[in-house]
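Inside the fold
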Amino acid sequence: MAIVITLDRMLQQRGMTLSELATRIDITLANLSILKTGKARAIRFSTLDAICRELQCTPGDLLGYDPSRTQDDDC
Amino acid sequence: MPSVIRRSPDPRGIFNLTHAAIHAVMAMCWLGILAALSALPLVLHRPQRLLDTVDAAVVSSHGDPSHLLLHFCIGLLAISALLGLGLVFLRHLQRLVRSVRDRQPFTRGNVLRLRRMAWLMLAMELLSIAIGLYARWMGPQFAWMEVGGGMSITGLIAVLMLFVIAHVFNVGTAMREDLDGLV
C-alpha cells in the first residue's frame, strides 16, 4: 500500500512512547502497534481524532503517500 | 436515537444439543454401515437364506439366482457408500458448529467446508435416487433398500441452500478480514 504511517516519527518528536499514547487514547497497544507498523487496513476517524488530539498534530502529519510502495500491496 | 446492539444470550445449550444430535446420527450411520457390510459375507456364505425370503417369481424374473445375489450385494455396497458420504457430511457439520460455538464462523476453512458439504449433499441425493430406482427394479421385497427415500425436493433445495450459505460465508469472511485490519 502506498499510504505511509509516520506515527513513529511523531512519537519521537513528542518524546512519547507507544504504550503511553495507547493509554491516553484508550486503545490496545497491539492495535496501535498494527497502525505504527503499517499493517492496518483502515483507521477509524475516532482513532485518528484521538491520536491528533494527544500528539497535537493533523492527520497529514501522521499519514504520507509513497507511490513506489504500491507494488508491495497484497504481498 | 442510537441503535443498540444486543448480544444474544449464550446459546451453549443449543450447541451441545446439536453436537449430541450429530453424534447420534453418526452412530446410526456407523451401525448401518456395519450391518450392511456384515450382511455381505452372510449372504455369500448362505445364499439360500436370502432366496427363501424372496418370491420365486421375483427370483425367476432375474434369471439366474446368482444375479439376484450380485444385485443384492451391489445394493448393500451402495447403501454403505451413501452412509459413508453421510458420515463425512456430518463430520464437516460438526466442525462448522464447533467454529460457530467458538464465535469464529467466518473463516476460509468454513467457506471450503460448506462448499464440500453442498457437493456431498448433491452426491448423496443422486446416489439416493439411484438406489431408489435400483430397489424398485429389483422388486417389492427390496423396498428396504430405499434408505435415502429416493428423490427428495427438500434435499435438492438443501444443496442449493448450502451453496448460497457458502457464498454468504465467503462475503462474511472478506468483511471479517477487513475488520481485523481496522484500528
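Residues numbered from 1 in each chain as written. Chains lettered and ligands numbered in written order. Predicted model: local features only at pLDDT ≥ 70, side-chain atom pairs only at ≥ 80, totals over all residues. Heavy atoms only, no water.

**Topic: the interface of chain B and chain A**
Of the residues lining the interface, 5 residues belong to chain B; the matching set on chain A comes to 10 residues. Counting the surface lost from both chain B and chain A, the interface buries some 670 Å², and carbon and sulfur atoms represent 58% of this. Taken together, chain B and chain A are joined by 1 salt bridge. Across the pair Arg-41 of chain A and Asp-178 of chain B runs a salt bridge whose closest N-O atoms are separated by 3.0 Å. Our count for the chain B to chain A interface comes out at 6 residue pairs in polar contact (both at pLDDT 80 or more). Partitioned by chemical class, the residues of the side of chain B that touches chain A number 2 nonpolar, 1 polar and 2 charged. (Contact = heavy atoms within 4.5 Å. Buried area = accessible area lost by both parts, 1.4 Å probe. Salt bridge = Lys/Arg side-chain N within 4 Å of Asp/Glu carboxyl O. Polar contact = N/O pair within 3.5 Å; in protein donor to acceptor, adjacent residues only side chain to side chain. Nonpolar A, V, L, I, M, F, W, Y, C, P; charged D, E, K, R; others polar.)

**Some remarks on the packing of aromatic side chains**
Residues and elements named next belong to chain B. Tallied over the full model, the rule gives 3 aromatic pairs over all chains. Plain terms: the ring middles of Phe-106 and Phe-169 are 5.1 Å apart, the flat faces sit at 50° to each other, and that makes the pair tilted. Taken together, the residues Phe-106 in the loop between α4 (65-101) and α5 (108-138) and Phe-169 in helix α6 (residues 153-180) connect sequence positions 63 residues apart. By relative accessible area, which is 13% here, Phe-169 ends up buried. Ring geometry for Trp-119 against Phe-163: centres 5.2 Å apart, planes inclined by 80°, an arrangement best described as edge-to-face. Of the two residues, Trp-119 is situated in helix α5 and Phe-163 in helix α6; the sequence distance between them amounts to 44 residues. (Phe/Tyr/Trp six-rings, centres within 6.5 Å; stacked < 30°, edge-to-face > 60°. Helix = DSSP H or I, 4+ residues; strand = E, 2+ residues; numbered from the N terminus. Buried < 20%, exposed > 50% of the residue type's maximum accessible area, 1.4 Å probe, protein only.)

**Considering α6 of chain B**
Between its first and last C-alpha atoms α6 of chain B spans 40 Å; for 28 residues at 1.5 Å apiece the expected length is 40 Å, and the two agree. Residues of α6 of chain B that are buried sit in contact with α4 and α5 of chain B. (Expected span 1.5 Å × (residues − 1).)

**Quick notes on the confidence of the model for chain B**
All names here are of chain B. Across chain B, the average pLDDT comes to 85, with 86% of residues at or above 70. Looking across chain B, the model is least confident in helix α3 (residues 56-61), with a mean pLDDT of 67, and most confident in α6, with 92. Taken together, the chains of this predicted complex give a pTM of 0.73 and an interface ipTM of 0.72. (pLDDT = per-residue confidence, 0-100.)

**Examining unusual backbone geometry**
Residues other than glycine seldom take positive phi values, yet Gln-56 of chain A does so here, at roughly 50°. In this structure, Gln-56 of chain A sits in the loop between α4 (45-55) and α5 (59-62). Positive phi is not limited to glycine here, since Arg-103 of chain B has a value of about 60°. Given the relative accessible area of 45%, Arg-103 of chain B is considered partly exposed.

**A few points about the packing of helix α1 (residues 12-45) of chain B against α4 of chain B**
Residues and elements named next belong to chain B. As a packed pair, α1 and α4 sit with axes 9 Å apart at the nearest point and diverge in direction by 160°. In terms of their interaxial angle, α1 and α4 are classed as roughly antiparallel. Like other packed secondary-structure pairs, α1 and α4 cross with a definite hand, here left-handed. For the contact of α1 with α4, a count of residues per class yields 24 nonpolar, 7 polar and 3 charged. (Axes fitted to C-alpha atoms, helices over the stretch in contact; angles between N-to-C directions. Parallel < 35°, antiparallel > 145°, perpendicular 65-115°, else oblique. Left-handed = near helix turned anticlockwise from the far one by under 90°.)

**Overview of α1 of chain B**
All names here are of chain B. Taking 1.5 Å of rise per residue, 34 residues should cover 50 Å, and α1 covers 50 Å from first to last C-alpha, within 8% of that figure. For α1, the full list of buried residues reads Phe-15, His-19, Ile-22, Met-26, Cys-29, Ile-33, Ala-36, Ala-39, Leu-40 and Val-43. Buried residues belonging to α1 abut α2 (47-53) and α4.

**Considerations on the pattern of salt bridges**
Residues and elements named next belong to chain A. For the structure on display, the rule yields 8 salt bridges over all chains. Between Lys-36 and Asp-8 there is a salt bridge, with its nearest N and O atoms 3.9 Å apart. One end of the pair, Lys-36, is in helix α3 (residues 29-36); the other, Asp-8, is in helix α1 (residues 7-14), and 28 residues separate them in sequence. For Lys-36, a relative accessible area of 29% puts it in the partly exposed group. Of the residues examined, Asp-8 reaches a relative accessible area of 44% and is grouped as partly exposed. Of the charged contacts, one joins Arg-24 and Glu-20 as a salt bridge, the two residues approaching to 3.3 Å between their closest N and O atoms. One end of the pair is Arg-24 and the other is Glu-20, both in helix α2 (residues 18-24) and 4 residues apart, which spans about a single turn. A cluster of three or more residues bridged by salt bridges with shared partners is formed by Glu-20, Arg-24, Arg-53 and Glu-54.

**Overview of the packing of α5 of chain B against α6 of chain B**
Residues and elements named next belong to chain B. It is at 8 Å that the axes of α5 and α6 come closest, and there the two elements cross at 170°. As far as their axial angle goes, α6 and α5 are roughly antiparallel. For the contact of α5 with α6, a count of residues per class yields 16 nonpolar, 4 polar and 4 charged.

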